[in-house]
Amino acid sequence: MAEKGCLSACCLWLRKHCPVIPWEDGDDEEESPKRPLTPKSKQEPEQQQQQQQQQPVSLQEQQRSPSFDQSRYSLSSTCSDLSVTSEDPQNTSHPRATKSSSLTSCTRNLSTRARSLSVMAFFQNRSLSLVDMYIDTSEPTENVGQIQFSMEYNFNEMTLILRIMQAKELPAKDLSGTSDPYVRVTLLPDKKHKLETKIKRRTLHPKWHETFYFEGFPIQKLQSRVLHLHVFDYDRFSRDDSIGEVHIPLCQVDFSEKNNTFWKALHPLEKNKCGEILTSLMYQPSTSQLTLTVIKCRNLKAKDINGKSDPYVKVWLYFGEKRIEKKKSEVQFCTLNPEFNFSVMFEVPWERIRECQLNVTIMDHDKVGRNEAIGKIMLGKAGSGTSETKHWSDMITKPRQTVVMWHRLKPE
């Protein structure tokens, strides 16, 4: 009884002199500036336990989707709510749902700059197959003028805006010493839909300043297209004459920039196009070994009725005008863009390397008739063109190194 009386007296004294907030079930949910030390120490282990429960989940998230952190940090400059997602006290019980919802809301509100950055990242990982087919790094065989144009992409409306400005130094196609030029525009590989500028009469330096809109092209779809600009000379009574053309793979254009203005040299339209060949050369002076590799060809001329060819490679080694050795590759059936990866090695002494030549011919295999040549190149000191001669000289000046170069096939 005495002990109970002492305890009750102590409780009455504490209630009278210590303004303590009543301890009830929902007390921990509301903080008070005069909260005693006991509730605080009681809340800390609960927070530590929650953090310990969250930590393995976040590690599992990182292990299951390692790319999530990369997207999080790359977008942190434009998505501030993404960086504080894991610290939101209302969503600590569901971190995966919080991150996905924040990522979704952030993606919907991406700015144009953030989208352009993602586009540039997509360009860096793009496939080069389309570029290999249409890109032309060689110089024009003759001067047929230049054309100026600009491109811009509207990310919100998914529209490519093309402006054809002007051309200069066009060749004369009429008897009057002038031309009537206009530009035909296509987005390859689609050749059915063509757009044309107005005809500028009797001038070699036309100025069009016309704008074309290509609507409904997402950036991923647009980067797989090639812009083809073809300048013609209008003729009222006969077929229009080709002046020159240029191909621009759109995956090489930085659409994050506002003003993309270009001057491009026009290339004459070749009447007898045989295709192109990618070759590599290497010479080992210590072993007197000359290695030629025919990697692949593109846009070969069709020799069969089905619009295809059955190409193979035939290589002749020459010393002067004398044939020394011949080698052949396997046939690649029914294709105009074969990949050979065909390597041949010849023993050529260093003192005779400058007098030898390699005749590389692409043949079309025929089961019934005689095999027909599609096109050829001559690699050597006196090559079949400027690129062939340069390729050979680069091989000599860079021994033990592989030199790779594209060449245009010449007709037989």
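Quick word on the pattern of salt bridges
- In the structure shown here, the tally under the stated rule is eight salt bridges.
- As a salt-bridge pair, Arg298 and Glu276 come within 2.9 Å of each other at their nearest N and O atoms. One end of the pair, Arg298, is in strand β10 (residues 289-298); the other, Glu276, is in strand β9 (residues 276-284), with 22 residues separating them in the sequence.
- Using a relative accessible area of 6% as the deciding quantity, one classes Arg298 as buried.

Thoughts on the confidence of the model for the protein
- On average, residues of the protein score 75 in pLDDT, and 65% of them are at 70 or above.
- Confidence drops under pLDDT 50 across residues 20-48; counting only partners more than four residues distant or on other chains, this segment forms ten contacts.
- Per-residue pLDDT stays below 50 along residues 116-130; that stretch engages in 19 contacts with residues further than four places along the chain or on separate chains.

Points about the pairing of β10
- The buried count for β10 comes to eight of ten residues, which makes it a mostly enclosed element.
- When β9 meets β10, the two strands line up antiparallel, connected through nine bridges. Counterpart to Gln284 in the pairing with β10 is Gln289.
- Looking at chain direction, β10 and strand β13 (residues 339-347) are connected through seven bridges and run antiparallel. Residue pairing across strands places Gln289 opposite Glu347, the latter belonging to β13.

A word on the sheet that holds strand β12 (residues 322-328)
- Here we have four strands laid out as an open sheet, ordered β12-β11-β14-β15, and antiparallel in their pairing. Two strands lie at the open edges of the sheet, namely β12 and β15 (372-380), each paired on one side alone. Pairwise comparison of adjacent strand axes, ignoring direction, gives a mean angle of 20° for this sheet.
- Sitting on the sheet, helix α9 (residues 386-397) is in contact with β14 (356-364) and β15, with an inclination near 45° to β15.

Quick look at the pairing of strand β16 (residues 403-408)
- Going residue by residue along β16, you find Val403, Met405 and His407 tucked away on one face and Val404, Trp406 and Arg408 left uncovered on the opposite face.
- In this sheet, β16 lies alongside β9 in antiparallel orientation, the contact comprising six bridges. Across the sheet, Ser280 pairs through a bridge with Val404, a residue of β16.

Examining the sheet that holds strand β2 (residues 159-168)
- Taken in spatial order, the four strands line up as β5-β2-β1-β8 in an open sheet, and their pairing is antiparallel. Each edge of the sheet is formed by a strand with only one pairing partner; in this case those strands are β5 (207-215) and β8 (260-265). Adjacent strand axes in the sheet meet at a mean angle of 20°, parallel and antiparallel pairs treated alike.
- Note that strand β1 (residues 146-154) and β2 share nine bridges and pair antiparallel. Among the inter-strand pairings, Met151 is bridged to a residue of β2, identified as Leu162.

Observations concerning the packing of aromatic side chains
- Considering all chains together, one arrives at five aromatic pairs under this definition.
- Note on Tyr153 and Phe155: the rings are 4.9 Å apart at their centroids and 85° apart in plane angle, and the pair reads as edge-to-face. No difference in accessibility class separates Tyr153 from Phe155, as the two residues are buried.
- Measuring from centroid to centroid gives 5.8 Å for Tyr182 and Phe232, while their planes differ by 20°, and the two rings are stacked.

What counts, and at which threshold
- Residues numbered from 1 in each chain as written.
- Predicted model: local features only at pLDDT ≥ 70, side-chain atom pairs only at ≥ 80, totals over all residues.
- Heavy atoms only, no water.
- Salt bridge = Lys/Arg side-chain N within 4 Å of Asp/Glu carboxyl O.
- Helix = DSSP H or I, 4+ residues; strand = E, 2+ residues; numbered from the N terminus.
- Buried < 20%, exposed > 50% of the residue type's maximum accessible area, 1.4 Å probe, protein only.
- pLDDT = per-residue confidence, 0-100.
- Contact = heavy atoms within 4.5 Å.
- Pairing = 2+ DSSP bridges.
- Axes fitted to C-alpha atoms, helices over the stretch in contact; angles between N-to-C directions.
- Phe/Tyr/Trp six-rings, centres within 6.5 Å; stacked < 30°, edge-to-face > 60°.

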